[in-house]
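Fold and geometry: a report
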Amino acid sequence: VEFDSEQSHLSIVIPSITRDHPDYHSLYVANYIFGGGGFGSWLMKEIREKRGLSYSVYSFLGSYTDQGYMRISLQTKNSNLDLTKKIIMSQIKRLKNFDVTDNKIETVKKSILKNFEMRVDTNRKLLNLISAVNRLNLPLNYFEDYKEKIKNVNKESIRKALDASIDFDKISVVSVGKSIE
């Protein structure tokens, strides 16, 4: 979408699964490594740390009641948009192949579980999580179940989930900014 601005906003969406799907927790761990874990994630290393193309880049798993998705978002200078897209597409290919050590997966799982505690450290955050459980019609034991399912994630479950539960053939790319000629 053409828009007269100094930067372009880039959003890439890949169809995926809902939060109540059995593969969700494996994809959650994979996404944390890919772009959901902030500094240390593949996207942050490649886009910000190595090349300085964006101040922030992230990915997350979103879910409606009947459809899920993985979304990647960032803003970059208009002149960097094409390069940034190429880097992200190479990282998506890397995600699809997912060659990560067991040690890295265990470290990420510990971080996710520790961060989970911080997601419920205020009344507002707790209310938001409970509202999501209600909105998505998740079971009342969701919080306990979440922790146990994260603990059970391994490389094999991640690879199976990536193969079965993310539609890498239907990637949507949307950018809003000024074209560079």
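Above this text sits the structure in question.
A quick note: this is a predicted structure, and the numbers were derived from the prediction, not measured.

**Observations regarding a nonpolar patch on the surface**
A cluster of nonpolar side chains, V1, F3, V174 and V176, forms an exposed patch at the surface whose accessible area comes to about 360 Å². Along the chain, the position of V1 falls in the segment before strand 1 (7-16). Classification of V1 as exposed rests on a relative accessible area of 66%.

**Some thoughts on the packing of aromatic side chains**
On inspection of all chains with the given rule, the structure shows 10 aromatic pairs. Site record: aromatic cluster; members linked through ring pairs are Y24, Y28, F116, Y142, F143 and Y146. Lying over the aromatic face of W42, R94 brings its terminal NZ or CZ to 3.9 Å of the ring centre.

**A closer look at the pattern of salt bridges**
Counting across every chain of the model gives eight salt bridges. With a closest N to O distance of 2.8 Å, R51 and E46 form a salt bridge. Looking at R51, the relative accessible area reads 40%, which means it is partly exposed. K160 is the salt-bridge partner of E156, the closest N and O atoms lying 2.9 Å from each other. Residue E156 and its partner K160 are located together in helix 7 (residues 155-165), separated by four residues, close to a single helical turn. In this structure, a network of salt bridges that share partners links the residues E46, K50 and R51.

**Some thoughts on helix 5 (residues 123-135)**
The end-to-end C-alpha separation of helix 5 is 18 Å, in line with the 18 Å expected for 13 residues at 1.5 Å each. Looking only at helix 5, the buried set comprises L129, A132 and V133. Projected down its long axis, helix 5 carries its buried residues within an arc of 100°, all on one side. In helix 5, the exposed positions that point more than 90 degrees away from the buried face belong to N123, R124, L127, N134 and R135. Looking at the buried positions of helix 5, the neighbouring elements they touch are helix 6 (142-151). Looking one or two residues past helix 5, N137 carries a phi angle of roughly 55°, positive in sign.

About the thresholds
- Residues numbered from 1 in each chain as written.
- Predicted model: local features only at pLDDT ≥ 70, side-chain atom pairs only at ≥ 80, totals over all residues.
- Heavy atoms only, no water.
- Patch = residues over 30% accessible without salt bridge, like charges linked within 9 Å, V, L, I, M, F, W, Y side chains within 5 Å.
- Areas by Shrake-Rupley, 256 points an atom, 1.4 Å probe, with all protein chains shown as cover.
- Salt bridge = Lys/Arg side-chain N within 4 Å of Asp/Glu carboxyl O.
- Helix = DSSP H or I, 4+ residues; strand = E, 2+ residues; numbered from the N terminus.
- Buried < 20%, exposed > 50% of the residue type's maximum accessible area, 1.4 Å probe, protein only.
- Phe/Tyr/Trp six-rings, centres within 6.5 Å; stacked < 30°, edge-to-face > 60°.
- Lys NZ or Arg CZ within 6 Å of the ring centre and 35° of its normal.
- Expected span 1.5 Å × (residues − 1).
- Arc of directions from axis to C-beta.
- Contact = heavy atoms within 4.5 Å.

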